[in-house]
Amino acid sequence: MSIKWTDEELAIIEAKAEIYTVKQIASIIKRRGFYRTPIAIYLKLNSLGYSARPTLDNYSCKEIAQVLQLNFSTVTRWVKRGWLKATKRSARHYQIRRWHLKEFFDHPPQSIKKRIAALDVEAINYLLGRKA
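Residues numbered from 1 in each chain as written. Predicted model: local features only at pLDDT ≥ 70, side-chain atom pairs only at ≥ 80, totals over all residues. Heavy atoms only, no water.

**Digging into the sheet that holds strand 1 (residues 58-60)**
1) Next: Taken in spatial order, the 3 strands make up an open sheet running 1-3-2, and their pairing is antiparallel. With one partner strand each, in any of the chains shown, strand 1 and strand 2 (87-88) form the two edges of the open sheet.
2) Next: Across the sheet, helix 6 (residues 98-106) lies against strand 1 and strand 3 (94-97), angled at about 75° from strand 3, the strand it touches most. (Pairing = 2+ DSSP bridges. Helix = DSSP H or I, 4+ residues; strand = E, 2+ residues; numbered from the N terminus. Contact = heavy atoms within 4.5 Å. Axes fitted to C-alpha atoms, helices over the stretch in contact; angles between N-to-C directions.)

**Examining the packing of helix 4 (residues 61-68) against helix 8 (residues 121-128)**
1) Next: Contact pair helix 4 / helix 8: the axes reach a minimum separation of 9 Å and the direction vectors enclose 145°. Of the residues in helix 8, those touching helix 4 at Ile64, Val67 and Leu68 are Ala123, Ile124, Tyr126 and Leu127.
2) Next: Considered class by class, the residues forming the contact of helix 4 with helix 8 number 7 nonpolar, no polar and no charged. (Nonpolar A, V, L, I, M, F, W, Y, C, P; charged D, E, K, R; others polar.)

**Considerations on helix 5 (residues 72-80)**
1) Next: Every buried residue of helix 5 is accounted for by Thr74, Val75, Thr76, Trp78 and Val79.
2) Next: Those residues of helix 5 that are buried are in contact with helix 4, strand 3, helix 6 and helix 7 (113-117).
3) Next: Measuring from the backbone nitrogen of Ser73 back to the side-chain oxygen at the start of helix 5 gives 3.0 Å, which picks out Asn71 as the cap.
4) Next: With its phi angle positive at about 85°, Gly82 sits one or two positions after the end of helix 5. (Buried < 20%, exposed > 50% of the residue type's maximum accessible area, 1.4 Å probe, protein only. Polar contact = N/O pair within 3.5 Å; in protein donor to acceptor, adjacent residues only side chain to side chain.)

**Some thoughts on the pairing of strand 3**
1) Next: The alternating pattern of strand 3 places Tyr94 and Ile96 on a buried face and Gln95 and Arg97 on a face that is not buried.
2) Next: Of the strand pairs in this sheet, strand 1 and strand 3 are connected by 3 bridges, and their pairing is antiparallel. From the neighbouring strand, Tyr59 faces strand 3, where its bridge partner is Ile96.
3) Next: Hairpin connection from strand 2 to strand 3: 5 residues lie between these consecutive antiparallel strands.

**Considerations on the confidence of the model for the protein chain**
Low pLDDT marks stretches whose predicted atomic positions should not be read closely.
1) Next: Across the protein chain, the average pLDDT comes to 87, with 92% of residues at or above 70.
2) Next: For the protein chain, per-element mean pLDDT is lowest for strand 2, which scores 84, and highest for helix 5, which scores 95. (pLDDT = per-residue confidence, 0-100.)

**Points about a nonpolar patch on the surface**
1) Next: The grouping of Ile39, Tyr42 and Leu43 at the surface amounts to a nonpolar patch, some 330 Å² of accessible area in total.
2) Next: Positionally, Leu43 belongs in helix 3 (residues 38-47).
3) Next: The exposure class assigned to Leu43 is exposed, which follows from its relative accessible area of 52%. (Patch = residues over 30% accessible without salt bridge, like charges linked within 9 Å, V, L, I, M, F, W, Y side chains within 5 Å. Areas by Shrake-Rupley, 256 points an atom, 1.4 Å probe, with all protein chains shown as cover. Salt bridge = Lys/Arg side-chain N within 4 Å of Asp/Glu carboxyl O.)

Now the structure itself:
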């Protein structure tokens, strides 16, 4: 049985959705006297149309591949070869910080310089948070 979300809880979630992680939102809600699990908050954010991933400077290989219109395995290969610095999140998933992406695009490996130069500049700027 699920407990109905109060207007105050929904207001907190909507105000914090784009800035904080799901765990941070759960902690904020708990300090206000409510209790929701991170999974419940994640599901509620999705149902309200918010991304459960705040606009921090972290990307997955899949997100980078989608924006750049590349194959997921291409981005993963860059990480495994050490060209693109990343933190391992699980056996097959990596987390890439925006500044590591910037470093990679500013100084790509010699063997793929032409391929990087051929990528959509707007997509790269989007990932790096630059304005067009």
